[in-house]
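# Tertiary structure, described
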Amino acid sequence: MEALWCDRCGESLREADHFDCQVARNLEPPRFCSSCRRRMVVQVLPAGWSARCSEHGVVDQLNNDE
Amino acid sequence: MTQTTQPQADAAVILQQAREQVLDRGIGLSADQVLQVLQLPDESVADALALAHEVRMKWCGPEVEVEGIVSIKTGGCPEDCHFCSQSGLFTSPVRSVWLNIEELVTAAKQTAATGASEFCIVAAVRGPDENLMSQMREGVAAIKEAVDINVAASLGILTKEQVDDLVDMGVHRYNHNLETAQSYFPNVVTTHTWDERWETLEMVRDSGMEVCCGGIVGMGESVEQRAEFAGQLGALKPHEVPLNFFNPRPGTPFEEVPVMSSTEALLSIAAFRLAMPTTVLRFAGGREITLGEIGTRDGLLGGINAVIVGNYLTTLGRPADEDLELLADLKMPIKAVADAL
Ligand code: SF4
Ligand SMILES: [Zn+2]
Ligand SMILES: [Zn+2]
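Below or above, wherever it landed, is the structure these notes cover. (Residues numbered from 1 in each chain as written. Chains lettered and ligands numbered in written order. Predicted model: local features only at pLDDT ≥ 70, side-chain atom pairs only at ≥ 80, totals over all residues. Heavy atoms only, no water.)

In the region of ligand 1, the neighbouring residues are Cys77(B), Glu79(B), Cys81(B), Phe83(B), Cys84(B), Ser87(B), Ala124(B) and Val125(B). Taken together, the residues that form the shell around ligand 1 break down as six nonpolar, one polar and one charged. (Near = heavy atom within 4 Å. Nonpolar A, V, L, I, M, F, W, Y, C, P; charged D, E, K, R; others polar.)

Moving on, we get to the coordination of the zinc ion (ligand 3). Residues and elements named next belong to chain A. Taken together, Cys-33 (SG), Cys-36 (SG), Cys-53 (SG) and His-56 (ND1) make up the full set of protein donors to the zinc ion (ligand 3), lying 2.1 to 2.3 Å away. Between consecutive donors of the zinc ion (ligand 3), the numbers of intervening residues give the motif C-x2-C-x16-C-x2-H. Of the residues examined, Cys-53 reaches a relative accessible area of 2% and is grouped as buried. Given a relative accessible area of 29%, His-56 falls into the partly exposed group. (Donors = N, O, S within 2.8 Å, 3.2 Å for Na, K, Ca; no water. Buried < 20%, exposed > 50% of the residue type's maximum accessible area, 1.4 Å probe, protein only.)

Turning to the coordination of the zinc ion (ligand 2), a few remarks are in order. In an ideal octahedron of six donors the angles at the metal are 90 or 180 degrees, and in an ideal tetrahedron of four donors they are 109.5 degrees. Residues and elements named next belong to chain A. Only Cys-6 (SG), Cys-9 (SG), His-18 (ND1) and Cys-21 (SG) from the protein coordinate the zinc ion (ligand 2), and they sit 2.1 to 2.3 Å from it. Classification of the site at the zinc ion (ligand 2) as tetrahedral follows from its four donor atoms and the range of 100 to 123° in their angles at the metal. All donors of the zinc ion (ligand 2) come from a single chain, and their spacing in sequence reads C-x2-C-x8-H-x2-C. (Tetrahedral: all angles 85-135°; square planar, octahedral: opposite > 155°, others 65-115°.)

Residue and element names in this part refer to chain B. Estimates place the volume of the second largest pocket at around 240 Å³. If you go around the second largest pocket, you meet 14 residues; those closest to its centre are Gly-234, Lys-237, Ala-275, Met-276 and Pro-277. For the lining of the second largest pocket, the per-class residue count stands at six nonpolar, seven polar and one charged. (1 Å grid on protein atoms, 1.4 Å probe; cavity = no way out; pocket = protein on both sides within 12 Å on 5 of 7 lines; lining within 4 Å. Points joined across faces, edges and corners; volume = space filled by probe spheres on them.)

All names here are of chain B. By the definition in use, this model includes four aromatic pairs over all chains. On the basis of an interplanar angle of 80° and a centroid distance of 6.3 Å, the ring pair of Phe-246 and Phe-254 is categorised as edge-to-face. For the pair Phe-246 and Phe-254, a shared accessibility class is recorded, and that class is buried. (Phe/Tyr/Trp six-rings, centres within 6.5 Å; stacked < 30°, edge-to-face > 60°.)

Moving on, we get to the side chain of Gln232(B). Assignment of secondary structure puts Gln232(B) in helix α9 (residues 223-236). Not counting the four nearest positions on each side in its chain, Gln232(B) is found in contact with Ala181(B), Gln182(B), Trp194(B) and Trp198(B). (Helix = DSSP H or I, 4+ residues; strand = E, 2+ residues; numbered from the N terminus. Contact = heavy atoms within 4.5 Å.)

Another point: the pairing of strand β4 (residues 150-154) of chain B. Residues and elements named next belong to chain B. In terms of burial, β4 is a largely internal element, five of the five residues being buried. Burial of β4 is two-sided: the residues Asn-150, Ala-152 and Ser-154 facing one way and the residues Val-151 and Ala-153 facing the other way are all buried. Across five bridges, the pairing between strand β3 (residues 118-123) and β4 is parallel. Paired with Val-122 across the bridge in β4 is Ser-154. (Pairing = 2+ DSSP bridges.)

We now examine the packing of helix α12 (residues 292-300) of chain B against helix α13 (residues 320-329) of chain B. Residues and elements named next belong to chain B. Across the interface, α12 lies against α13 with an axial gap of 11 Å and an inter-helix angle of 45°. Judged by the inter-axis angle, α12 sits oblique to α13. Between α12 and α13 lies a crossing of right-handed hand. When α12 is examined against α13, the residues Glu-293, Thr-296, Arg-297 and Leu-300 are found in contact with a partner set consisting of Asp-323, Leu-326, Leu-327 and Asp-329. Tallied by class, the residues present in the contact of α12 with α13 amount to three nonpolar, one polar and four charged. (Axes fitted to C-alpha atoms, helices over the stretch in contact; angles between N-to-C directions. Parallel < 35°, antiparallel > 145°, perpendicular 65-115°, else oblique. Left-handed = near helix turned anticlockwise from the far one by under 90°.)

In this section: the interface of chain B and chain A. How big an interface is tends to be expressed through the accessible area that disappears when the partners come together. Contact residues are listed per partner, giving 28 residues for chain B and 20 residues for chain A. Buried surface at the junction of chain B and chain A, both sides included, amounts to about 2,000 Å², of which 57% is carbon and sulfur. Its largest share of buried area at the contact with chain A, chain B owes to Arg95(B), Gln110(B) and Leu316(B), together 34% of the area lost on that side. Where chain B meets chain A, there are one salt bridge. Where chain B packs against chain A, one counts ten residue pairs in polar contact (both at pLDDT 80 or more). Elements with a minimum of two residues in the side of chain B that touches chain A: β1 (65-74), β2 (97-98), α4 (101-112) and α11 (287-290) of chain B. The element contributing the most residues to the side of chain B that touches chain A is α4(B), with five residues. Residue classes in the side of chain B that touches chain A are distributed as 14 nonpolar, nine polar and five charged. (Buried area = accessible area lost by both parts, 1.4 Å probe. Salt bridge = Lys/Arg side-chain N within 4 Å of Asp/Glu carboxyl O. Polar contact = N/O pair within 3.5 Å; in protein donor to acceptor, adjacent residues only side chain to side chain.)

Written out as structure tokens, the structure reads:
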């Protein structure tokens, strides 16, 4: 699915480079669905995280090392 | 923030006095003395860290207490702590969510796999309600059944009954941060007071649970207020002090407050250790951003004797392996569960 929205700040990927968001994402899980811009339900565990969009489902898994 | 620094000659005197008082006699620095340390010139930072490390080695030993934390209830908090992405009063992107018992046990297992002796369950609430207390009862029992680890909790402001319930469940340590100096607290939180936090801490201590109380440095407080905070924590004498370095969160009132310099952060570590020679001084959130790899090492050689490994509550830490490798490299053994009991 095409990424249209920044998964950190929720703004359009076409309108800015979101470089700071990309850097910040190294130490943060995503907060917005990149397909539809909905705020996701995010759970952080000591060794992983998951993020779920009510429309697009789980976009990342627990135990994801990223 | 304007900062005056002490001239170099004074710096040697300040550190020598601290050596005699803290290292030799085990008496923590007062707030005024902490201020002198926080105002040391950059050239003296290495000496301050070296002294703080000597103090830690003498009064705490070489072991490092490793902890993992997890949020049982995230977001939607009714309080307005201006640094916090979990307040429901701001436009933060963090949504409200609960962890189920199975996920809680998974989190405890992930933590134990790192060799950690501590697992802290945290909730974004003013204080626990019936529902949260019953989740805690079930969750703590399930963890104790499945994992060999000490369980701590951080659930906000407590009643006496809730303190007793947590003791009953076998929670051995309770975290409740004063966050910042009493004089700066009204700039940070308006929905409850510093004194309310203090009252919970006193009840926790009276119950026999270990008191864990720290806060965040670099939230726009003056250096005098940072020293005031160290003095107030010193007076509380907590078993553990988690030291967070401010990390601005999108959508919060403190979003635009800049991150403190690594030099300031390292001096804070040394100063807090010199204020509290025997406490467990823990690296908590924000160290990755404020200090990076080199600063993390400097902190562990500058008074820190505990770490949170893995992810935090809403942000990610660096992989636990990297911290464990660093501890091995520094020849600092990890405190075992039995020792921590
Ligand atoms: S009480 Fe805790 S969770 Fe709630 S806003 Fe304050 S720091 Fe955040
Ligand atoms: Zn962005
Ligand atoms: Zn979506």
